[in-house]
Amino acid sequence: MNREQRIMAALRNQEVDRVPVSAWMHFSEVDQDPISLAQTQVAFNEEYDFDFIKLMPFGTYSIQDWGAQLKIYCHKYHEPIIIAPGIKEVSDYSKLEVLPAYYGTWGKQLQLSQQISKIIPKHTPYVQTIFSPISTLKKLAGDRLFKDIKENPAEVHKALEVITATTINFVKENINAGVSGFFLATQNANYDLMNDEEFKEFGMKYDLELIKSYADQTYFNIIHIHGDNIMFDTIAENYPVNCINWHDRHTFPSLSEARKKTDKCFLGGIQEVPYFVDGVLNYDSIMARSTKEQILEHAKEAIEEIDGKGFILGPGCVVDPKTAKENLKALRESVEVLRKSVNLD
């Protein structure tokens, strides 16, 4: 099987020659230049022979063009941080304007996709990273968003409509560029931030509109549910995607528990739990702190938990960039070592 065939088989819960595998991390030293980032990501993927590429635009790319102020370090171990929100008062919600995909920082991430399509090896899937509209708005407004949802819902909806339309513009041009699908990150689908009613009105409503713009046009569509206490059932039951990624080694449900709820493909099994301290990204990372042998055992546990079926081995979230090369090689090696133990041959 080639990479594309392997991924497509896993997505369809069909037999694979081995469990597909990939990993992704921030490349903050080059992610302000789309050409350099494209070259870096392809080289990284080829070095470890991973099965697909998740594009890694920096995590705040979707807010810079709407006035959020960032501090950008261009340092391997220091991702950009937000130093001033784009929305400071209620009237700012209605000032957002729909942007074309080629505009500003959005346009740079489109260039990333376009460049990848030119240099990526044949039969290697790649997915563009996009954020749920409510996740983008949370980054733009900060914690005031949840107060405004209760006190100024009409203004919040206006902003979400603009963000959704802009993201759909971006999606359409990425499809034209040749993406295999999208990695949609929702960072507010958890009960520590929103209740069911709030999420359905301000989160899911716009997520579904966004997914509808690509679900029938791309074959590898992932939803990433970020955080603890997540709304897994709501996402699994209602989102028309074919792959789910979450912190399965850190929060409910486990892989085996999730399999009882849905037959969708799972992407995960490796514990990576990034978290923010005063706006700075930190990592609880098994990839960075473990030995090769520990990673092999960790991967074995995940693969055997669901017999390697309908499964892509990868991190629950972004990998710590301080991870040693030997450990990334161990992750790739694990699917070769373990292919017979789960009767994949």
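Residues numbered from 1 in each chain as written. Predicted model: local features only at pLDDT ≥ 70, side-chain atom pairs only at ≥ 80, totals over all residues. Heavy atoms only, no water.

**Comments concerning the overall build of the protein chain**
Inference 1: The helix and strand tally for the protein chain stands at twelve helices and eleven strands.
Inference 2: With the principal axes as the frame, the protein chain shows a C-alpha extent of 60 × 40 × 40 Å.
Inference 3: Residue pairs at least 24 apart in sequence account for 72% of intrachain contacts in the protein chain once pairs closer than 6 positions are excluded.
Inference 4: Averaging the positions of the 37 positive and the 49 negative side-chain charges in the protein chain gives two centres separated by 3 Å. (Helix = DSSP H or I, 4+ residues; strand = E, 2+ residues; numbered from the N terminus. Contact = heavy atoms within 4.5 Å. Lys, Arg positive; Asp, Glu negative; His and termini not counted. Charge placed at Lys NZ, Arg CZ, Asp CG, Glu CD.)

**Quick look at helix H2 (residues 34-48)**
Inference 1: Taking 1.5 Å of rise per residue, the 15 residues of H2 would be expected to cover 21 Å, and the 21 Å separating its terminal C-alpha atoms lies within 8% of that figure.
Inference 2: Every buried residue of H2 is accounted for by Pro34, Leu37, Ala38, Gln41, Val42, Phe44, Asn45 and Tyr48. Considered in projection along H2, the buried side chains sweep an arc of 160 degrees and stay on one side of the axis.
Inference 3: Buried residues along H2 sit in contact with helix H1 (3-11), strand S1 (53-54), helix H3 (104-119) and helix H12 (325-337).
Inference 4: Just beyond H2, the residue with positive phi is Asp49, at close to 55 degrees. (Expected span 1.5 Å × (residues − 1). Buried < 20%, exposed > 50% of the residue type's maximum accessible area, 1.4 Å probe, protein only. Arc of directions from axis to C-beta.)

**Quick word on the nonpolar core**
Inference 1: Among the nonpolar cores identified, the biggest contains 112 residues, and Leu137 and Leu313 are the most heavily contacted of them.
Inference 2: Looking at this core element by element, the count peaks at ten residues for helix H6 (residues 153-177). (Core = buried A, V, L, I, M, F, W, Y, C linked by side-chain atoms within 4.5 Å.)

**Examining the UniProt feature "domain: Uroporphyrinogen decarboxylase (URO-D)" (unreviewed entry) in the protein chain**
Inference 1: UniProt's feature table lists "domain: Uroporphyrinogen decarboxylase (URO-D)" (unreviewed entry) at residues 4-336, given in the numbering used throughout.
Inference 2: Between the C-alpha atoms that bound residues 4-336 the distance is 17 Å, and the span itself is 42% helix and 16% strand. (UniProt positions renumbered as here; feature names shortened; annotations may be inferred.)

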